[in-house]
Amino acid sequence: MHPVKPELSDPTALAAALGDAGYLADIGLATAAYLGMKMHRPIFLEGDAGVGKTSLAQALADVTGTRLIRLQCYEGIDATQALYDWDFPRQVLHLRAAEAVGVTGTDAGRALEESLYDRRFLISRPILQALEEPGAVLLIDEIDRADDEFEAFLLEVLADNAVTIPEIGTIRAESPPLVVLTSNRTREVHDALKRRCLYHWVAHPEFEREVEILRRRLPEASEQLITEVATAVRRMREADLLKPPGVAESIDWTHALHLLGARTLDRERAAATLGAVLKYQEDSVRIRDTVLAELAG
Amino acid sequence: MAAQLGSLSLVERDDPGASIIEVMVGFARTLRHAGVPASQERLQAMIAALAHLDVTLAADAYWAGRVTLCSDPEDLERYDMAFALYFGAQRATEGRRIPPPSVARAAPFEPAGGDPHDERTSEQPKFAAQASRHELLRHKDVSALNPAERAQLKRLFALLAPRVSARRSHRYRSASRGRVDLAQSVRRLLRAGGEPSQLARRRRRTKPRRLVLLMDVSGSMTPYAEALLRFAHAATRAAPARTESFTLGTRLTRVTRELRLRDPDRALAAAARAVPDWSGGTRLGDTLKAFSDRWGQRGLARGAVVVLCSDGWERGDPTELGEQVRRLARLAHAVVWVNPHKGKDGFAPATGGMVAALPHIDSLVAGHSFAALEELVQVIADA
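Residues numbered from 1 in each chain as written. Chains lettered and ligands numbered in written order. Predicted model: local features only at pLDDT ≥ 70, side-chain atom pairs only at ≥ 80, totals over all residues.

Draft legend 1. Fine view of the packing of helix 11 (residues 223-238) of chain A against helix 12 (residues 247-259) of chain A. Residue and element names in this part refer to chain A. Direction vectors running N to C along helix 11 and helix 12 enclose 135°, while the axes themselves pass 10 Å from each other. Regarding the angle of helix 11 to helix 12, the classification is oblique. Seen from above, helix 11 lies across helix 12 with right-handed handedness. From helix 11, Leu225, Ile226, Val229, Ala230 and Val233 reach across to helix 12, where they touch Ser250, Trp253, Thr254, Leu257 and His258. Of the residues that constitute the contact of helix 11 with helix 12, the class distribution is seven nonpolar, three polar and no charged. (Axes fitted to C-alpha atoms, helices over the stretch in contact; angles between N-to-C directions. Helix = DSSP H or I, 4+ residues; strand = E, 2+ residues; numbered from the N terminus. Parallel < 35°, antiparallel > 145°, perpendicular 65-115°, else oblique. Left-handed = near helix turned anticlockwise from the far one by under 90°. Contact = placed C-beta atoms within 7 Å. Nonpolar A, V, L, I, M, F, W, Y, C, P; charged D, E, K, R; others polar.)

Draft legend 2. Up close: the sheet that holds strand 1 (residues 166-175) of chain B. All names here are of chain B. Read across the open sheet, the three strands follow the order 1-3-2; overall the sheet is antiparallel. The outermost strands of the open sheet, each flanked by one partner alone, are strand 1 and strand 2 (179-180). Summarising the sheet, strand 2 and strand 3 (residues 201-208) pair through two bridges and their orientation is antiparallel. Bridging across to strand 3, Arg179 finds its partner in Arg202. (Pairing = 2+ DSSP bridges.)

Draft legend 3. Representation of the sheet that holds strand 4 (residues 211-216) of chain B within the structure. Residues and elements named next belong to chain B. Strand order across the open sheet formed by six strands is 6-5-4-7-8-9, with mixed pairing between neighbours. Two strands bound the open sheet, and with one partner strand each, they are strand 6 (252-254) and strand 9 (363-365). Looking at each pair of strands side by side, their axes are set apart by 20° on average, direction ignored. Inspection of the sheet shows strand 5 (residues 243-248) paired to strand 6 by three bridges, in the antiparallel sense. By the bridge assignment, Leu248 is partnered in strand 6 with Leu252. Its contacts with the sheet place helix 9 (residues 222-238) against strand 4, strand 5 and strand 7 (305-309), and it is angled at close to 165° to strand 4.

Draft legend 4. How the structure looks around the interface of chain A and chain B. With 27 residues of chain A in contact, the opposing surface of chain B contributes 26 residues. Put simply, the parts of the chain that give the side of chain A that touches chain B at least two residues each are helix 2 (27-39), helix 5 (88-101), helix 9 (191-195) and strand 9 (198-202) of chain A. Per-element tally for the side of chain A that touches chain B: the top contributor is helix 2 of chain A, with seven residues. The class makeup of the residues in the side of chain A that touches chain B is 11 nonpolar, seven polar and nine charged.

Worth remembering: the numbers are spatial, not functional.
As structure tokens, then:
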């Protein structure tokens, strides 16, 4: 069982606990996470970049008092990077050391061979780590970047919560990890994987929630600056940009403005720090002419 | 929206457990009619989820259903609608089903089988005559075909198998030459009892690029739409996982899934049903933008060979189209423009959209006849 604390008896309580851990989740996200814990199903999060998919996993680990184990996916990722690998240099050293003391006889030879595949020569990669650590939170980040062969492999592990290593045997999780998968939708993830998961689309936060997030993340920034940044960012999201800013960007922007000593959002400083919030030249030009032009100089 | 609903009256009946399941089964059926693939397995997940929540709260029921029954952002709007209809007005309209989205539009293609002329023309076939007729047919503009010829050409499409060039991937394969594969070499060494043996080597694998087909289905392209969709079907059959097809009109429609059906006629009919804007106007710039925003920039077009089939008639602003093609060219490995009018005598890329896009595309091909589509296969392979 997951160490769901007694006070986490419903989604609202989990939302409050996540809030204490510095993550403001809306009720939908909290319900998805709560059900993920209770039903032992992976949570599949989709949404624009920078809306807080990855930080949810960290916050969940904080709330449950366990470790976050992260597996960043990329093209070409395979089992040796996700699951386990053998520590080859140490195996060779072990062999050489045995030779140096002079191991003879067939029985001793066989024992030596077996000892080469001892547990201490096994390097646990994130998925195996998560299976071995009771109640861990396993974040499988940007699954859409991995090849589809990897999805099939992942499906197998998630279905059984167990891994079979030919030389050692099957390693089964005592208590299955809470798995959070994220995707930026660069390609469609296979239905078989999605079916096993609880699906949640993470949207940009509403205005009040964004202000609250900024307040918590940057308590030193002025209240007026935060409100004005949230207003400007909301307008940017409505402006049909190539890359609408996420919460991560509005935090960065507020931080940058605060470091420059801004107490309010003025045109000059906003223009100077625009790179923190917009990542395309075309977007910057458009916003400079519209949203920024209306700011007080 | 769930918050506005307050509490549900699901548990007022005598046997609360049974009634909840009944209600949810009904809801799942409504959802399926609305186009959300809420399978039996997902429905069971929803009922399991509800066991952990408070079923009398609309918000809990709403979210339990949403995280288990939906699996795509496009499902969410339909889910909201179905939820409001099913639970909002459940008492008043019990038993009423939401009609499925209207799909009564007929496929704009000729029915399979075809014309009685077909019989007559193929009577007593002389081999040479037939071969030359085939040759003529291959070069004839598809917009000028009669139904018999069209039916004949259909069979030829099965011969097309567009293949896309490959790129180096990040995966390795063992090879006799190349870089030393450390892990494999050590494995060999251990197997040999610690004696250094032959070094293992590895090389990068290659992976075929993705093929993205964007087909204009506006009014001016209608005569060519069937041929292009058949081409897309042939491409999908050749590499189902690496081919993506979209239609462009007044809006963008993804038809990849429909074209995966094995039978070409059924696939085309399914695609035709999925596209809401046959033979309408074109807002090519806007729909291309929608493609890049929603699919292309996220990764679908990255490193891919993008084939854009259109005559370049743009009702909107041609500069916007030029800008969007430029953006697409920056994302993609190659952009191929297929313009059926290129096959006509005296063609010059004079439509506003064409002129704006021309500097950014890698090649311009005709695609007006079967022979021209064969040429397109070659262009794609060489891209």
